[in-house]
Amino acid sequence: QVQMVESGGGFVQAGESLKLSCTTSGLEFDNYAMTWFRRRPEKEREGVAAIYTGSGITYYADSVKGRFTISQDNAKNTVYLQMNSLKPEDTALYYCAAGGIGLSRRTYKNWGQGTQVTVSS
């Protein structure tokens, strides 16, 4: 059974940084696309950053490009999201997902429970 656990969320002020982690089990890690999604207040769940674990190719939403970086540690079966220059509009519940295509949420079947990020002005 696939299990995905997010951690690293917290409460920060605008301009500060956080690093999220997604640790997985039950996956053949190198053969899956791993993606961070988020759900902001009054918004649908949206793709933030994706990485193809076999190739290392990454994709980012325009709203976070230049501020967020996705990376992986295959030895630990873990994917990270480094978030710099955080803005209040980044406040959301952040989810890790596996097995889909890029940032397209309807293609993903495996999801974690999420970790909360709150950014104050």
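Refer to the structure printed above.
Residues numbered from 1 in each chain as written. Predicted model: local features only at pLDDT ≥ 70, side-chain atom pairs only at ≥ 80, totals over all residues. Heavy atoms only, no water.

J.: I would appreciate a short explanation of the packing of aromatic side chains in the present structure.
T.: To describe a pair of aromatic rings, one takes the distance between the centres and the angle between the planes. Under the definition given, this model contains 5 aromatic pairs. Both rings, one in Phe 37 and one in Trp 111, keep their centres 4.8 Å apart while their planes meet at 50°; by these two values the pair is tilted. Placement of the pair is Phe 37 in strand β4 (residues 33-39) and Trp 111 in strand β10 (residues 110-111), with a sequence separation of 74 residues. Classification of Phe 37 as buried rests on a relative accessible area of 0%. When its relative accessible area of 25% is taken as the criterion, Trp 111 is described as partly exposed. A ring pair is formed by Tyr 95 and Trp 111, whose centres lie 6.3 Å apart and whose planes are at 85°; its orientation type is edge-to-face. Of this pair, Tyr 95 sits in strand β9 (residues 92-98) while Trp 111 is found in strand β10, placing the two residues 16 residues apart along the sequence. Connected via pairs of aromatic rings, a cluster forms that spans Phe 37, Tyr 95, Tyr 108 and Trp 111. Between Lys 19 and the ring centre of Tyr 80, over which it is positioned, the NZ or CZ distance is 4.6 Å. Sitting above the plane of the Trp 111 ring, Arg 45 keeps its charged end 4.5 Å from the centroid. (Phe/Tyr/Trp six-rings, centres within 6.5 Å; stacked < 30°, edge-to-face > 60°. Helix = DSSP H or I, 4+ residues; strand = E, 2+ residues; numbered from the N terminus. Buried < 20%, exposed > 50% of the residue type's maximum accessible area, 1.4 Å probe, protein only. Lys NZ or Arg CZ within 6 Å of the ring centre and 35° of its normal.)

J.: Hey, could you run me through the state of the cysteines in this one?
T.: Put plainly, two cysteines are in a disulfide when a covalent bond ties their sulfur atoms together. For the structure shown, the criterion picks out 1 disulfide. For Cys 22, the disulfide goes to Cys 96, at an S-S distance of 2.2 Å. With the S-S bond torsion at -85°, the cross-link from Cys 22 to Cys 96 turns out left-handed. Taken together, the residues span a long stretch of sequence, with Cys 22 in strand β3 (residues 18-25) and Cys 96 in strand β9 at a distance of 74 residues. With a relative accessible area of 0%, Cys 22 lands in the buried category. Given a relative accessible area of 0%, Cys 96 falls into the buried group. (Disulfide = S-S within 2.5 Å.)

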